[in-house]
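Observations on the three-dimensional arrangement
Spelled out from the first residue to the last, the chains are:
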Amino acid sequence: MKRDILLLTSLTAILIGTLVFVSNIQPVGASNSAILYGIIGNYLVTVDQATGNATEVGIINVTGLYGLAYDPYRDVLYSVANATTDPELVIIDRTTAHASIVEPIDLEGYDPTFLGLVEALAFNPADSVLYGSAGPAPPISSMLIRIDPATGNATQVATITGTPQNDGDTLVFINGTLYLADSTPSSILFTVDLSTGAATYIGDIGFNHVKSAYNPETQTLFGVASLDRLLIQISPSTGQGTLVGSTHTSEEFEGAFMSAIAMVYDKRPPDIDIPAQDPPADIVQPYQNVTISVNVIDDMSGVKNVTLVYSLDNGTTWEEQATMILNATTGLYEAMILGQPADTWVRFKIIAYDNLGNNATLDGTEPYCGYQLIPEFPPSLVLPIFMIITLLTVIFYKRKHPPLWKFI
Ligand SMILES: [Ca+2]
Ligand SMILES: [Ca+2]
């Protein structure tokens, strides 16, 4: 009996251990450094993509916010303040939640007071353009606009047609294609032709008042059913929404709803600092090894690898390479170039990749990316050596040929 209990206890322990182990396994190939941001009232939040749970980043210092879009090339988060009255483009610092106002969004060809609604924002990585849906007054935004992020000036691209209200309640780009949801309040997903504004029906999402964002790293289209405070996933092919979880309760964030979401993800290469070398470039002796060290950072997906590629003929051919290893003490990536014969011109490049394949290169033309080994007889030594030889010759000659006065 005692042995049975012992056996049962052991098996349970093994089972729990296995479950814990299995639950810790990450899905293969699903690198996800992307962060889902949202706006709830005046709060900037991050949203857990697995549970839906919203966490406060900070309070945004402007009001009437609608729309949220991310430029991954410049690492800038855009939103619109006073969006339902006198829309202004704002940039939100995603670490402090501080908003800085760019300019009022004015529509070209119209009186500056014409635009009374900017409802959705979406950045298209395919053409690096910030798009929006707008109109003269709430609740319908049937104008598809592009916004100059430097000036706030907007131009109309097309008029949205073919949806229940011809209303762009949320916009999102997937691989260059514009998706739109129109909510009545049930949200229906469409694609939209950027040149004509004509919408093509995809399907009913099955949730109301949906705002959307796309994660290109996991290829997931997310939505929030705003008034129901729910995070959902949306199939881009059928439109069908599936529940992820609750974003927040009616007691949190002063009872406000999530008005927009945007995905912040890594499209920027790692930063490579100016490399250092030991010994320094001007005193490398023939056959002396040289260590190259450099600081490389990638604050989003992280550095995957750093490679030193080098040339032994001043950049004519680049056949040598070495993996730069992270030195845990200095935090620098290091690699060694083995000693070379006198006079050799060494040049090196540094290539760094982040975990999403974005890469940066120091191409070897930078002045600090090369060194010449000092010659066997550097010019500075030639004169002293010549003088010594001359002196020795004179002494030797004098010993063999005593001066004449000795015979006098
Ligand atoms: Ca609307
Ligand atoms: Ca990066």
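Residues numbered from 1 in each chain as written. Chains lettered and ligands numbered in written order. Predicted model: local features only at pLDDT ≥ 70, side-chain atom pairs only at ≥ 80, totals over all residues.

1. What to know about the overall build of the protein chain
The test is simple: In this description a helix means any DSSP run of H or I spanning at least four residues, a strand means any run of E spanning at least two, and both kinds are numbered starting from the N terminus. Buried residues are those with 20 or more other C-beta atoms within 10 Å of their own C-beta, exposed residues have 12 or fewer, and partly exposed residues lie in between; C-beta atoms are placed from the backbone. We call two residues in contact whenever the C-beta atoms placed from their backbones are within 7 Å.
In terms of regular secondary structure, the protein chain is built from two helices and 32 strands. Per-residue burial over the protein chain gives 37% buried out of 408 residues. Within the protein chain, contacts between residues separated by at least 24 positions form 54% of all contacts whose residues are at least 6 apart in sequence.

2. Digging into the nonpolar core
Threshold: Each nonpolar core comprises buried Ala, Val, Leu, Ile, Met, Phe, Trp, Tyr and Cys residues, the members being joined through C-beta atoms within 7 Å.
Judged by nonpolar contacts, the single largest core of 80 residues is most densely connected at Val80, Ile261 and Ala262. In this structure, Ala262 is in contact with Tyr37, Leu68, Ala69, Tyr70, Leu77 and Ala213, ignoring residues within four places of it in sequence. Core analysis: the second largest hydrophobic core is formed by 22 residues, Val294, Met324, Tyr333 and Phe348 among them.

3. With respect to the environment of Ser79
Topologically, Ser79 is positioned in strand β5 (residues 76–81). Filtering out sequence-adjacent residues up to four positions away, Ser79 remains in contact with Ile39, Leu65, Gly67, Leu68, Val90, Ile92, Leu121 and Ala260.

4. Description of the sheet that holds strand β20 (residues 241–246)
Think of a sheet as strands paired side by side through backbone hydrogen bonds, with each pair either parallel or antiparallel. Formally: The pairing criterion for strands is at least two bridges between them, as found by DSSP. Helix axes are fitted only over the stretch in contact, all axes being lines through C-alpha atoms; the angle between N-to-C directions runs from 0 to 180 degrees.
In space, the four strands of this open sheet follow the order β17-β18-β19-β20, with antiparallel pairing throughout. Where the open sheet ends on each side, the last strands, each with one partner, are β17 (210–215) and β20. Pairs of neighbouring strands in the sheet enclose a mean axial angle of 30°, with direction left out of account. Pairing analysis gives six bridges linking β17 to strand β18 (residues 220–225), with the strands arranged antiparallel.

5. Considering the pairing of strand β3 (residues 54–59)
As defined by bridge partners, strand β2 (residues 43–47) adjoins β3 across five bridges and the pair is classed as antiparallel. For Val45, the partnering residue across the bridge sits in β3 and is Glu56. Between β2 and β3, which follow one another and run antiparallel, lie six residues, and Gly52 among them has a positive phi close to 90°.

6. Let's talk about the sheet that holds strand β9 (residues 117–124)
Within the open sheet, the five strands sit side by side as β8-β12-β11-β10-β9. Their pairing is mixed. Edge positions in the open sheet fall to β8 (106–107) and β9, since each of these has one partner strand only.

7. Thoughts on the confidence of the model for the protein chain
The following threshold applies: pLDDT expresses how confident the predictor is about each individual residue, on a scale running from 0 to 100.
On average, residues of the protein chain score 90 in pLDDT, and 85% of them reach the 70 mark or higher. Below pLDDT 50 for its whole length, residues 11–30 participates in one contact with residues either more than four positions away or in separate chains.

8. Some points on the environment of Phe222
Mapped onto the fold, Phe222 is located in strand β18. Linking Phe222 and Val244, residues 22 residues apart in sequence, is a C-alpha distance of 9.2 Å. The contacts of Phe222, once residues within four sequence positions are left out, are Leu36, Gln49, Ser212, Ala213, Asn215, Leu231, Gln233 and Ile261.

9. Points about the environment of Pro216
In this structure, Pro216 sits in the loop between β17 and β18. Through-space distance from the C-alpha of Pro216 to that of Asn175 is 8.3 Å; in sequence the pair is 41 residues apart.

10. Things to note about the pairing of strand β21 (residues 258–264)
By the criterion of burial, β21 is predominantly enclosed, with seven of the seven residues buried. For strand β1 (residues 35–40) and β21, the ladder comprises six bridges, and the chain directions are antiparallel. Along β21, the bridge assignment pairs Ile35 with Val264.

11. Observations regarding unusual backbone geometry
Of note, the amide linkage connecting Pro138 to Pro139 takes the cis form, showing an omega dihedral of 5°. Mapped onto the fold, Pro139 is located in the loop between β10 (129–135) and β11 (143–147). Between Thr184 and the following residue, Pro185, the backbone shows a cis peptide bond with an omega angle of 5°. For Pro185, the location among the structural elements is in the loop between β14 (177–183) and β15 (186–192). A positive phi angle, near 55°, is found at Arg229, a position not held by glycine. Note on placement: Arg229 falls in the loop between β18 and β19 (230–234). One non-glycine residue, Phe253, lies in positive phi territory at about 50°. Examined against the element boundaries, Phe253 turns out to sit in the loop between β20 and β21. Residue classification places Phe253 among the buried residues on the basis of 21 C-beta atoms within 10 Å.

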